[in-house]
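Structural overview
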Amino acid sequence: MKILLIGFGVVGQGFVELLRDKAQELAQRYHLRPVIVGVATRSQGTLFHPEGLNLSHLLDAAAAGGLRQYPDSEGVQRGEDIKTWIQRSEADVLIEASATNLETGQPALDYCMTAFEAEMHVILANKGPIALAYNELRAAAHMVKRVLRFEATVMAGTPSLALALDALAGSTVLEARGILNGTTNYILTQMHQGQPYPEALAEAQRLGYAETDPRGDVEGWDAAGKLLILAATVFETRLTMHDLQVTGITGITTQDIIDAKQAGECYKLIAHITPQGGSVQPVRLPLSDPLASVSNALNALTLKTDVMGDITLIGPGAGRRQTGFALLADLLVIHRTQAAALE
Ligand SMILES: NC(=O)c1ccc[n+]([C@@H]2O[C@H](COP(=O)([O-])OP(=O)(O)OC[C@H]3O[C@@H](n4cnc5c(N)ncnc54)[C@H](OP(=O)(O)O)[C@@H]3O)[C@@H](O)[C@H]2O)c1
C-alpha cells in the first residue's frame, strides 16, 4: 500500500510513528505493508521516493526542524508542486492531514479531488473538505470506485463515525448530542475546580490541547465543524454554519460556574444536531446526565436511534497517537476492502 501524506504536524507524525512502531503487527496480523512514498507540508514542500521513505528518518527530520532535514540519498525527490506530486506518484492512498479551513476547505479539497482523478483512495483528518463538500467527494470517489474515509475528523480515533455509519447501519440515527471539543471541556473542568478562565486556557495551551490562537475552539467553531460533518454523513443533509447556532465558552464567568455548582449542575459545551439543524452552546447539565461526568479533554457522543435507543461513546477526541490511530484504522478498512475485492 503506497501512501502520500499531506501535513506532517501533530497528526501526520503520530500516524507515521504508529506505522513504524506497529510495522510487524500490521504485517503479521493484517498482511498490511504500508509504504510512505511521499510527504508534503506548506513550508517545506514535497518529498518523494518511489520505493518508500524511511519512517525513522522522517520523524527525525521533523524533530530537527522539518522535511528539508530528511537526508538526501539516491531516489529522493523534492520540490514539486503538490498537485503534480499527487498525479505522478502512482500511490494507492492520499492521507490529508493539513490545516483545517472551515470556510473553503481549500487547498485540501482540490488535493483530494486530484487524488480521486488519479484513482487513489482518500483518508482525511482535515475537517474542512468533509464539512463543506462531502457529496462532491463521495461522488468523485464513487466515479473511480475508490474509498473515502474520514474517521479522524470527529472524536479522533474514538470510532464515532464508524459507530454511526458502519456499526449502526440499518438503525436510523435521529439525533446526536455530545461534547466534541476537548479544549473547551478541559477549560470548563478546570473552572469547576476553581481556576479562572484565563489560567485554565493557559494551562490547556501548555498541555498542547489548545492552539496558540484558541478562537476556533473556545468560540465553538471546531465543534460546529464536526456537527456539519455529522449532518452531511449521518443525516445526509447539507447544512452550513448559518444553519447552526454557535456560542462558545468565552462568556462564562466564575460566578456562572459557582451558581451552577450550587444548583448541583455543571457547564458543558454541548453540540447537538438533528436533520433540521443544530447548535453548539454552553448548557447547565444535572450531575446525573451521562455527559456531566465526561471531564478534562475527553469527548463524548450520544446517538439517539430508532431501534437501539440511546448509545453513548466516550473517548479521546484529539492527540498525536489518538488521531494518528484514526488514520491507521481507516487505512485498514481500505486494505480489507481491497483484499475482499481480490478474493
Ligand atoms: N491535533 C489533533 O488532535 C487533531 C484531531 C483531529 C483532527 N485534526 C485535524 O488534523 C489536521 C492536522 O492537525 P495537526 O494537529 O497535525 O496540525 P499541525 O500540527 O498544525 O500540522 C499541520 C500540518 O499541515 C501542513 N499544512 C498546513 N497547510 C498546508 C497546505 N496548504 N498544504 C500542505 N500542507 C499544509 C503544515 O505544514 P507547515 O508546518 O509547513 O505549515 C503542517 O505540517 C487538521 O486539519 C486538524 O484539524 C487534528
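Throughout what follows, the structure given in this document is the object of discussion. (Residues numbered from 1 in each chain as written. Predicted model: local features only at pLDDT ≥ 70, side-chain atom pairs only at ≥ 80, totals over all residues. Heavy atoms only, no water.)

Side note on unusual backbone geometry
For clarity, the threshold we go by: What counts as a helix is a DSSP run of H or I of at least four residues, what counts as a strand is a run of E of at least two, and both are numbered from the N terminus. Each residue is assigned to one of three classes by its accessible area relative to the maximum for its type, calculated with a 1.4 Å probe on protein chains only: buried under 20%, partly exposed between the two thresholds, exposed over 50%.
Between glutamine 106 and proline 107 the backbone carries a cis peptide bond, its omega angle lying at 0 degrees. With respect to the helices and strands, proline 107 occurs in the loop between β5 (93-96) and α5 (108-117). Of note in the backbone geometry, histidine 31 takes a positive phi value of approximately 55 degrees without being a glycine. Its place among the elements puts histidine 31 in the loop between α2 (23-30) and β2 (35-41). Look at histidine 31 and you get exposed, because its relative accessible area is 57%. At glutamate 119, a position not held by glycine, the phi torsion is positive, near 60 degrees. Looking at the element boundaries, glutamate 119 is found in the loop between α5 and β6 (121-124).

Notes on the sheet that holds strand β9 (residues 244-246)
So the rule is basically this: A strand pair is defined by DSSP finding two or more bridges across the two strands. Throughout, an axis means a line fitted to C-alpha atoms (over the contacting stretch in the case of helices), and angles, computed between N-to-C directions, take values from 0 to 180 degrees. What makes two residues a contact is simply this: any of their non-hydrogen atoms within 4.5 Å.
The six strands are arranged β9-β11-β10-β8-β12-β13 in an open sheet whose pairing can be described as mixed. Edge positions in the sheet fall to β9 and β13 (309-316), since each has one partner strand and no second. On average, each strand axis in the sheet is tilted by 25 degrees relative to the strand beside it, whichever way the strands run. Taken together, the 10 bridges between strand β10 (residues 265-274) and strand β11 (residues 277-286) define a ladder with antiparallel strand orientation. Paired with glutamate 265 across the strands is proline 286, a residue of β11. Running at roughly 95 degrees to β10, helix α12 (residues 254-262) makes contact with β10 and β11 of the sheet.

Quick notes on helix α4 (residues 82-89)
What counts, and what does not: Comment: arc refers to directions from the helix axis out to C-beta atoms.
Among the residues of α4, Ile82, Trp85, Ile86 and Ser89 are the ones counted as buried. Each buried residue of α4 lies within a common arc of 100 degrees when the element is viewed along its axis, so the set occupies one face. Residues of α4 that are exposed and angled more than 90 degrees away from the buried face: Gln87 and Arg88. In this structure, the buried residues of α4 make contact with β1 (2-6), β2, β3 (45-48) and α5. Positive phi shows up at glutamate 90, right after α4, with a value of about 55 degrees.

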